[in-house]
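Fold and geometry: a report
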Amino acid sequence: MSKLDKPETEGSEAFKLIGKPLARLDGLEKVTGKALFVADLEIPDVWLAGVLRSPVAAGRLKGIAKDPHFDWSKVTVVTAEDLPGPNAVSMVRDDYEVFAKDRISFATQALAAVAAPDRETLDKALASLKADVLPEAPILTLEDSIKAETVIWGTKNVIDEFRVQRGDMEKGFAEADVIVEGTYRTPYQEHVYLETQGMVAWPKADGAIVEGSMQCPYYVHGALAKALAIDTKNVTVRQSVTGGGFGGKEDYPSVMAIWVALLANTCGHPVKLVYDRSEDLLVSTKRHPSKVYHKTGVKRDGTITAMEVDILLDGGAATTMSKVVLSRSILHCTCGYKVLNANLHARAMATNSPPNGAFRGFGAPQSIFAMERQMDKIAFTLGMDPLSVRLKNVLRRGDSFPYGQVMDEGVFAAEVLEDVAERLGYREKRKRYAEQTGHVRRGIGLSLCLHGGGFTGSGEDNMGTKVEVEVVPGGVVEVLGSSTDMGQGASTVLPMIAAEALSLPLSKVRYPRPDTSRSPNSGPTVASRTTMYVGMVVRDASLNLLAKLKAYVEETHGGPVSYKEGIFYDYDGEVKIMDFDEAASRWFKGKDEKGEKGKKDRLLGVASYKPDASAAWDDEKYQGHAYKGYAWMAQAVEVEVNCDTYEVTPIDSAVAVELGRAINPAQIVGQIEGGVLQSYGWSTIEDLTLTPEGKYSTGHLNAYLVPTTLDTPHFEVRIFEDPCAVGPYGAKGIGELPMDGGAPAVAAAVENALGVEAIVDKVPLTGEELHRLMSIQMSIQLMSIQPKGASL
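Figured I'd write up the structure that's included with this text. (Residues numbered from 1 in each chain as written. Predicted model: local features only at pLDDT ≥ 70, side-chain atom pairs only at ≥ 80, totals over all residues. Heavy atoms only, no water.)

Moving on: the overall build of the chain. Check the secondary structure of the chain and you find 19 helices and 29 strands. Viewed in the frame of its principal axes, the chain has a C-alpha envelope of about 105 × 80 × 50 Å. In the chain, the share of contacts with a sequence separation of at least 24, taken over all contacts with a separation of at least 6, comes to 80%. Element-wise, carbon and sulfur atoms account for 51% of the exposed surface of the chain, whose accessible area totals about 30,300 Å². For the chain, the distance from the average position of its 85 positive side-chain charges to the average position of its 105 negative side-chain charges is 1 Å. (Helix = DSSP H or I, 4+ residues; strand = E, 2+ residues; numbered from the N terminus. Contact = heavy atoms within 4.5 Å. Areas by Shrake-Rupley, 256 points an atom, 1.4 Å probe, with all protein chains shown as cover. Lys, Arg positive; Asp, Glu negative; His and termini not counted. Charge placed at Lys NZ, Arg CZ, Asp CG, Glu CD.)

As a further point, take the pattern of salt bridges. Counting across every chain of the model gives 51 salt bridges. The shortest N-O distance in the salt bridge between Glu136 and Arg103 comes to 2.4 Å. A residue pair is termed long-range when its members are at least 10 positions apart, and Glu136 in the loop between strand 7 (129-135) and helix 3 (142-147) and Arg103 in strand 5 (residues 103-104) qualify at 33 residues. For Glu136, a relative accessible area of 34% translates into the label partly exposed. The partly exposed category is assigned to Arg103, whose relative accessible area is 43%. Ionic pairing is found between Arg432 and Glu428, a salt bridge with its closest N-O pair at 2.7 Å. One end of the pair is Arg432 and the other is Glu428, both in helix 12 (residues 426-433) and four residues apart, which spans about a single turn. One connected set of salt bridges, linked through shared partners, spans Glu372, Arg373, Asp376, Arg390 and Glu751. (Salt bridge = Lys/Arg side-chain N within 4 Å of Asp/Glu carboxyl O. Buried < 20%, exposed > 50% of the residue type's maximum accessible area, 1.4 Å probe, protein only.)

Attention now moves to helix 17 (residues 665-684). Taking 1.5 Å per residue as the helical rise, helix 17 with its 20 residues ought to reach 28 Å, and the 28 Å between its terminal C-alpha atoms agrees with that figure. Summarising burial for helix 17: 16 of the 20 residues are buried, a large majority. (Expected span 1.5 Å × (residues − 1).)

Considering the arrangement of structural elements, one finds Gln667 in helix 17. Once residues within four sequence positions are removed from consideration, Gln667 is found in contact with Arg24, Gln488, Gly489, Thr492 and Val493.

Either a parallel or an antiparallel arrangement is found when strands of a sheet pair, and the pairing is made through backbone hydrogen bonds. Read across the open sheet, the three strands follow the order 5-3-7; overall the sheet is antiparallel. In this open sheet, the two strands that pair with only one neighbour each are strand 5 and strand 7. For strand 3 (residues 59-66) and strand 7, the ladder comprises seven bridges, and the chain directions are antiparallel. Across the sheet, the residue bridging to Gly59 is Pro135, located in strand 7. (Pairing = 2+ DSSP bridges.)

Moving on: the side chain of Gln678. By secondary structure assignment, the location of Gln678 is in helix 17. The residues contacting Gln678, other than those within four sequence positions of it, are Gln189, His191, Phe246, Phe359, Arg360, Glu686 and Met739.

Another aspect to go through is the nonpolar core. In terms of nonpolar packing, the biggest core is built from 159 residues, with Phe99, Leu224, Trp259, Ile330, Trp632 and Val750 touching the most fellow members. The element contributing the most residues to this core is helix 6 (residues 252-267), with twelve residues. Once residues lying within four places of it in the same chain are set aside, the contact partners of Trp259 are Val51, Arg53, Val98, Phe99, Ala110, Tyr252, Leu273 and Tyr275. In this structure, Leu17, Tyr533, Tyr563 and Leu603 belong to the second largest nonpolar core, which totals 48 residues. (Core = buried A, V, L, I, M, F, W, Y, C linked by side-chain atoms within 4.5 Å.)

Next up on the list: the packing of aromatic side chains. Within this structure, the stated rule accounts for 17 aromatic pairs. Considering the side-chain rings of Tyr563 and Phe568, the 4.6 Å spacing of their centres and the 50° angle between planes classify their relative orientation as tilted. Both residues of the pair, Tyr563 and Phe568, belong to the buried class. Grouping aromatic residues by their ring pairs yields a cluster made of Phe162, Phe401, Tyr403, Trp617, Tyr622, Tyr627 and Tyr630. It is Arg287 that lies over the ring of Trp682; its NZ or CZ is 5.1 Å from the centre. Directly above the aromatic system of Tyr729 lies the positively charged group of Arg539, at a separation of 5.5 Å from the ring centroid. (Phe/Tyr/Trp six-rings, centres within 6.5 Å; stacked < 30°, edge-to-face > 60°. Lys NZ or Arg CZ within 6 Å of the ring centre and 35° of its normal.)

This part is about the sheet that holds strand 16 (residues 342-350). Spatially, five strands are ordered 8-16-15-14-9 in an open sheet, and the strand pairing comes out mixed. The open sheet has two edge strands with one neighbour each: strand 8 (158-166) and strand 9 (178-186). Averaged over neighbouring strand pairs, the angle between their axes works out to 10° when direction is ignored. Judged from the nine bridges that link them, strand 15 (residues 304-316) and strand 16 form a sheet pairing that is parallel. (Axes fitted to C-alpha atoms, helices over the stretch in contact; angles between N-to-C directions.)

With respect to the helices and strands, the residue Pro270 is situated in the loop between helix 6 and strand 13 (271-274). By relative accessible area, Pro270 is classed as buried at 9%. Remark: the alpha-carbon pair of Pro270 and Asp26, spanning 244 residues in sequence, is separated by 28 Å. In this structure Pro270 touches Ile43, Pro44, Asp45, Val46, Trp47, Ala201, Trp202 and Pro203, once residues within four positions along its chain are discounted.

The next subject is the packing of helix 9 (residues 364-382) against helix 18 (residues 742-754). The N-to-C vectors of helix 9 and helix 18 enclose an angle of 35°; their axes lie 8 Å apart at closest approach. Considering how the two elements wind past one another, helix 9 and helix 18 form a crossing that is right-handed. Contact residues: Ile368, Phe369, Glu372, Arg373 and Asp376 in helix 9; Ala743, Pro744, Ala747, Ala748 and Glu751 in helix 18. Its residues placed into classes, the contact of helix 9 with helix 18 shows six nonpolar, no polar and four charged. (Left-handed = near helix turned anticlockwise from the far one by under 90°. Nonpolar A, V, L, I, M, F, W, Y, C, P; charged D, E, K, R; others polar.)

Below, the discussion takes up helix 18. Taking 1.5 Å per residue as the helical rise, helix 18 with its 13 residues ought to reach 18 Å, and the 19 Å between its terminal C-alpha atoms agrees with that figure. Extensive coverage of helix 18 is indicated by the burial of 13 of its 13 residues. The first or second residue beyond helix 18 is Gly755, which carries a positive phi of 75°.

A few words on unusual backbone geometry. Among all residues except glycine, the phi angle is most often negative; among peptide bonds, the trans geometry is most common. A cis amide bond links Val763 to the next residue, Pro764, at an omega of 10°. With a phi close to 75°, Thr108 is a non-glycine residue in the positive phi region. Considering the arrangement of structural elements, one finds Thr108 in the loop between strand 5 and strand 6 (110-116). One non-glycine residue with positive phi stands out, namely Glu565, at about 50°. By the secondary structure assignment, Glu565 is in the loop between strand 21 (561-564) and strand 22 (567-570).

The subject of this paragraph is the state of the cysteines. Evaluated as defined, the whole model comprises zero disulfides. For Cys333, which is in no disulfide, the shortest distance to another cysteine sulfur is to Cys335 and amounts to 9.8 Å. You can see Cys335 has no disulfide; the closest cysteine sulfur is in Cys449, sitting 6.5 Å from it. Judged by relative accessible area, which is 0%, Cys335 ranks as buried. (Disulfide = S-S within 2.5 Å.)

Our next topic: the pairing of strand 17 (residues 440-452). Burial within strand 17 is extensive, with eleven of its 13 residues counted as buried. In this sheet, strand 27 (residues 630-642) lies alongside strand 17 in antiparallel orientation, the contact comprising 13 bridges. Counted as the bridge partner of Ser447 is Gln635 from strand 27.

The residue Gln366 is located in helix 9 in this model. Judged by its relative accessible area of 1%, Gln366 falls in the buried class. In this structure the side chain of Gln366 is engaged in a polar contact, spanning 2.9 Å, whose partner is the backbone oxygen of His288. Discounting chain neighbours no more than four positions away, the residues touching Gln366 are Thr186, Arg287, His288, Ser290, Val292, Leu313 and Trp682. (Polar contact = N/O pair within 3.5 Å; in protein donor to acceptor, adjacent residues only side chain to side chain.)

Listed below in structure tokens is the structure:
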């Protein structure tokens, strides 16, 4: 449960809808079971699809043998040879093959796809296919990839690389009293969306029609056009009701869409592919594992003088989203701290593991875990309180990031830190808990994090985000765009923004699920950009629509009019002329007050994102205005550590978030609680590794554990608002921020419970890892009671 504490913000009382905790517009159909997901769609004559996959992580594919005893006329089989276009899934780079053709790059890589009229026939067909593979030794670790003794990508296995440099490193380290070094690791993470990956396609001559569970319809649209060599005008992509994404349905739906569309166009039947949980776990993308090295120079009062950071991300066998994940990782690696001398280096390395992709936080959780753990290690080395070290170094107004962006507004690091520390009694509890000796102990830790809203640098400027707001017959206003609702609430927030701009009740506005045949491209549903950027364009398009309708009313009225709360008045605002519905109705009837007939166009407002020329970014130098607004969060978490069962359980959590403007506080609390709990799971019980064969270590949820209600702490969320000029009514993105800082806070709390400091350098804190930490603690205690000169 959570208690929402939202301080009053100047100007918030002026809104009719913004800032109100409203129920989700799609809530009723989901809780009543009326919502139809891909698996629920009843499609006449539909065939089912399956995929033949590689059993090895690396090797040569010599061919695929078909058992002659099976009747192959009953099914359709497609391979790389059947693709009309290039054997590539269009993403950041086109290096993800639709099907392996000559070489195998990772275990579970698709070799062929099969469609059959029923499940039994499909299973028999897949069992009757056998890949002829010559296995090779795979590269499965970052360390082996860096050695580049075997090159599997490019010339040195480096998928992408970024550097950010600032100041004088030699001078900075010379000014330091102490040098603190540390290396930190984070693991894979599975998305565990409630609905698994699913896609269906209908046959279309010289085209493609698909519907599925996805985040980015136009990504799928572009991938289909390229791989199938068809005109984009002949491609239709529809989003079905989507049961969760968290980044896992950003790029992977493009892969599945190509398979089912190719099969449908080949066999002439609709084709559906929906993964069961086991297949989804074993083949879909995961969070990038990381290894981050820190070297920090600090003065005895805690001031940072220089910082060297080296980030390594495991990209897997293809680029997918690694380039942009790596970019965000390096730009967030100093978190919210002032670093005048910095040498930051980030590389995404190729391995023969399944390609890793987008996941909530998008590289920031990995680098922020390392930064926050390093801050705790600095505090321990100097004998200072971790909160004091953080407050000594936090960015304040007028400070700048290592990449040169000056924070002249929207800086809330100190405020959120001080807030959570006070509400959870951080300083007092930290001292008290450090002296425990029982079998069940409490510990407390805290962390700071931030998240830049939208695409990095010039990304939003180049996106071309477009939205249409249209009045349809019946007086309902439709907001049209490609931004999807995958459970985060876009189909409620975007109508709230439009209804506020139009001064209409929320019941008059709806957001249809995206359909590329009628929805303009508002960009992908990623990067905490939907509310902040798409929402602003929705507001502009709504105002454009209102201006058009107002001009029509003025034309029919014969003079200037005013508009308030859905009603057009005379210019003085005293005499009612007509309301919004009547004006729209007259528009469609083509009649003015005098009864004259005329033809009117669609009653439509259109807007696109307007680039900000003052926010310059240099991609070559990697310097400038990286993000146009940052959301801030601090959390203090109290955990219980059971020294008998080796369990870590979060008990209480105070969270403070600054997000510009809370469009719908009820949904925001849900985002915060869900994201923070997701980060707690990553840091304690979500344990996923690679086997020596290069496959994920589990294909079921009995082994890959995720938090349940029994693992959920009491939450107390407080929202601060410092409106951002870029977002609608001042709003900033909030979707990813809650994932960014949970792991280091939990790590610090566990150390506090065990009476040790600065030894947790990796997550998850599973039973095995907790046993190791307790062994270290016991050694420390034994050392403290041994007579001088005694040997252990």
